[in-house]
Amino acid sequence: MRGYLTGSAIDLAVFRITVFSVVLLSRDVYEAPAWAATSSAMRVAPWGLAWLTPHLPLSPAWAWAALGILIPSALLSVLGLFTRVATVLAASSLAYVLAVPQFSGTVIHTHHLLWFALLLAASPCGDALSVDAWLRARKHGPQGAPDEAVAYGLPIRAAWVLVGLIFLFPGLWKWSAGLDWALGGALRGQLYWKWAEHGGWRPWLRIDEWPGVLEAGGVAVMVFEPLVLAGVLVPRLRPWTVGAALLFHAATALVFRIDFSSLWACYTVFVPWSRVLARHGPGVANTRTEKARDEHGWMPAAVAGGVLVLGATVSGAMGLRYGFPFACYPTFHTKAPAEIPALELEAEVSGHLVRWDLAEGASQREWGTLWHLALRPEPSRIARWTEVLRARHPRLATAGRIRVFRTWRAADPHVSVGILRRELIWE
């Protein structure tokens, strides 16, 4: 077991560079201030954070402050300068930044970025390919590449398991519905819902119109997803499994328009970079340091990895899709209703009655907030939310009375587009 857990400092360093680069390039990170006002008005606590809701400050100012810590610390983490402190600060501020949108009535599945950042913060990920290692080499002289150690390999193996769990439980939940999920129309319904979320978008490849193709793809997904965990843990199967996972992501982006680039970009963790990159150079650490480190240096990563794997396993087994920092990634295992709920505003603007269909132009992330308000129309929450809209949209700032309607439209793209019916839920 120890031999299996042993890994290279270079492999861990590439993972560090990848994860914090993805954080710096992630749209979800920079959207936190925009989400803060909505989350403050909604205050819908995801599972796991209900206890924190009354005490957590949610405002654009706090989100900007967190970004002010996250961006420089993530950059330092990429460079490997003051790595241990930088990764801890980056992971801590990232936890707040990614939590902000989760209180808006929707859950954005960026949990893996936090998981990976916490693993790196608990590991000696700055011992190679870092400014810290280069400075040590200048002070003590080149010592060669760090010895392989459990302290390097364990966080990488934990990341493998977490990726496998991201696939495992959605696959198992699909099997809970049986083959009927792929063959009985449930998959088709979920597909149409996703298209409707994107404003009636249609992929250029209409596999829903090819007899048997959509169903065959559904069966393939049901077989593939539960096998990913085993596949990434077995060395001979790992390259094939990762390749299949990349094809899976490409297919979901093509057909569902689901972008999980922040996940698959981190698949560099599966590449044995120590066999690819040169093993000697100025960006490595002192060998003697790493030998001594391995006696106890693996313990923080073991604790962090154990907690993360346990949390991901429990939330996955529960099918808990609306939680943070743990959640089951989207399962799509239920049969989607034929009609999609949304919201419509009616406001008096300059003496004229204006209607605003909020479903038009709504992003996939904003749909979650609309659904929560439409299906759980709490008057106080809707009142706070409309005030956020007034502040955000100049046309509503001077509007008189605002009324909110729940609307319904068909999910099936073959049905005429438009609102089928509406009902008043707040005024």
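Here, the structure is the one placed above.
First, a word on scope: everything that follows refers to the structure included in this document. (Residues numbered from 1 in each chain as written. Predicted model: local features only at pLDDT ≥ 70, side-chain atom pairs only at ≥ 80, totals over all residues. Heavy atoms only, no water.)

Here's the deal with the overall build of the chain
To keep things clear, this is the line we draw: A run of DSSP states H or I qualifies as a helix once it reaches four residues; a run of E qualifies as a strand once it reaches two. Both are numbered from the N-terminal end. Radius of gyration means the value over C-alpha atoms here, while the globule rule gives 2.2 Å times the residue count to the 0.38 power. For every residue, the accessible area (1.4 Å probe, protein chains only) is compared with the maximum for its type, and the residue is labelled buried under 20%, exposed over 50%, or partly exposed between those bounds. The contact criterion used throughout is that any non-hydrogen atoms of two residues lie within 4.5 Å. Charge convention: Lys and Arg are scored as positive, Asp and Glu as negative, and His as well as the terminal groups of each chain are ignored. Every charge is mapped to an atom, namely NZ of Lys, CZ of Arg, CG of Asp or CD of Glu.
Regarding its fold elements, the chain presents 21 helices and four strands. Taken over the C-alpha trace, the chain has a radius of gyration of 24 Å; the compact-globule value for 427 residues is 22 Å, and the two agree within 12%. For the chain, the residues scored as buried account for 54% of the 427 residues in total. By sequence separation, contacts in the chain at least 24 residues apart represent 79% of the contacts at least 6 residues apart. Of the side chains in the chain, 38 bear a positive and 29 a negative charge, and the two mean positions are spaced by 5 Å.

Thoughts on the pattern of salt bridges
To be explicit about the condition: Any Lys or Arg side-chain nitrogen located within 4 Å of an Asp or Glu carboxyl oxygen qualifies as a salt bridge.
Under the counting rule described, the total for this entry stands at 18 salt bridges. For the salt bridge of glutamate 346 with arginine 403, the shortest nitrogen-to-oxygen distance reads 3.0 Å. With glutamate 346 in strand β1 (residues 339-349) and arginine 403 in strand β3 (residues 402-410), the pair connects residues that are 57 residues apart, well separated along the chain. By the burial criterion, glutamate 346 is buried, and arginine 403 matches it. Through salt bridges with shared partners, one network takes in Glu344, Glu346, Arg355, Arg401, Arg403, Arg422 and Glu427.

Side note on the side chain of aspartate 28
Looking at the element boundaries, aspartate 28 is found in helix α3 (residues 27-30). You can call aspartate 28 buried: its relative accessible area is 11%. With residues up to four places along the chain from it excluded, the contact list for aspartate 28 reads Ile108, Thr110 and Arg365.

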